[in-house]
Amino acid sequence: MKKFLFGLFILGLTNLTFSQQLAVVLTSNSYVPVKRSKTIKNSDFISAFSKEDMSSRIQKFQKIVANYDLRSKSIFEASDPSTYEVVFKEGSNKIVTVYNQEGNILSSKGEFENIRLPYVISKDLSKKYPGWEFNKIQCSINYSENGSTNIIYKVLLKNGRNKKTVKINTTDYSM
């Protein structure tokens, strides 16, 4: 009887959760056609990452996120004013994006592995650490609705048996 009452209590608590929907989107390295329209959806999001020295793999993945059609998915409810969290995955890369009721991006957090460093940063690291090789490169990108972005590269340097990790915030560089 105690287990039955406890089960009903837990079931009752599930109705008190907030109304944020979750969806997962898996992409592959194959070509994903992007629908062209006269109005560019989430243009602020796209322009925040259109720096010419940013990895093209990141830019392509960001375009998929910006053009994601939330309204065509079965999880979307037009009568329910809520936010939707969508997880995009491609290999070891991942972007978690929060959309509002209209399909506009409110925030986004991306994690990318083994990407190309921007030239300015790789040139600077090569000068600071001569003889060290770039062993592993990770990139974290945070975007918020007001258009602010925070891009941090984490680089594992290797020189023989010695290893060193360097974190670089792109606000320190003019790209």
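Refer to the structure above for everything that follows.
Residues numbered from 1 in each chain as written. Predicted model: local features only at pLDDT ≥ 70, side-chain atom pairs only at ≥ 80, totals over all residues. Heavy atoms only, no water.

> Sorry if this is basic, but what is going on with helix H4 (residues 119-128) here?
Since there are 3.6 residues in each turn of an α-helix, residues three or four apart along the chain are aligned in direction. Those residues of H4 that fall on the buried side of the exposure criterion are Ile121, Ser122 and Leu125. Angularly, the buried residues of H4 cover 95° about the axis, an arc narrow enough to put them on a single face. In H4, those exposed residues whose orientation departs by more than 90 degrees from the buried face are Tyr119 and Lys127. Elements that come into contact with the buried residues of H4 comprise strand S5 (133-144), strand S6 (149-159) and strand S7 (162-169). (Buried < 20%, exposed > 50% of the residue type's maximum accessible area, 1.4 Å probe, protein only. Helix = DSSP H or I, 4+ residues; strand = E, 2+ residues; numbered from the N terminus. Arc of directions from axis to C-beta. Contact = heavy atoms within 4.5 Å.)

> Is there a simple way to think about the packing of aromatic side chains in this case?
Pairs of aromatic rings are described using the distance from one ring centre to the other and the angle between the two planes. Inspection of every chain in the model, using the stated rule, returns 5 aromatic pairs. Ring geometry for Phe45 versus Tyr143: centroids 5.0 Å apart, planes at 85°, classification edge-to-face. On the criterion of sequence distance, the pair formed by Phe45 in helix H2 (residues 43-48) and Tyr143 in strand S5 is long-range, its members being 98 residues apart. Residue Phe45 is classed as buried on the basis of its relative accessible area, which comes to 1%. Given a relative accessible area of 5%, Tyr143 falls into the buried group. Here the aromatic rings of Tyr68 and Phe88 are separated by 5.2 Å at their centres, their planes lie at 90°, and the arrangement is edge-to-face. On the criterion of sequence distance, the pair formed by Tyr68 in the loop between helix H3 (56-66) and strand S2 (83-90) and Phe88 in strand S2 is long-range, its members being 20 residues apart. Here Tyr68 falls in the buried class, since its relative accessible area comes to 11%. For Phe88, a relative accessible area of 0% corresponds to the buried category. Within the aromatic cluster, the residues linked to one another by ring pairs are Tyr68, Phe88 and Tyr99. (Phe/Tyr/Trp six-rings, centres within 6.5 Å; stacked < 30°, edge-to-face > 60°.)

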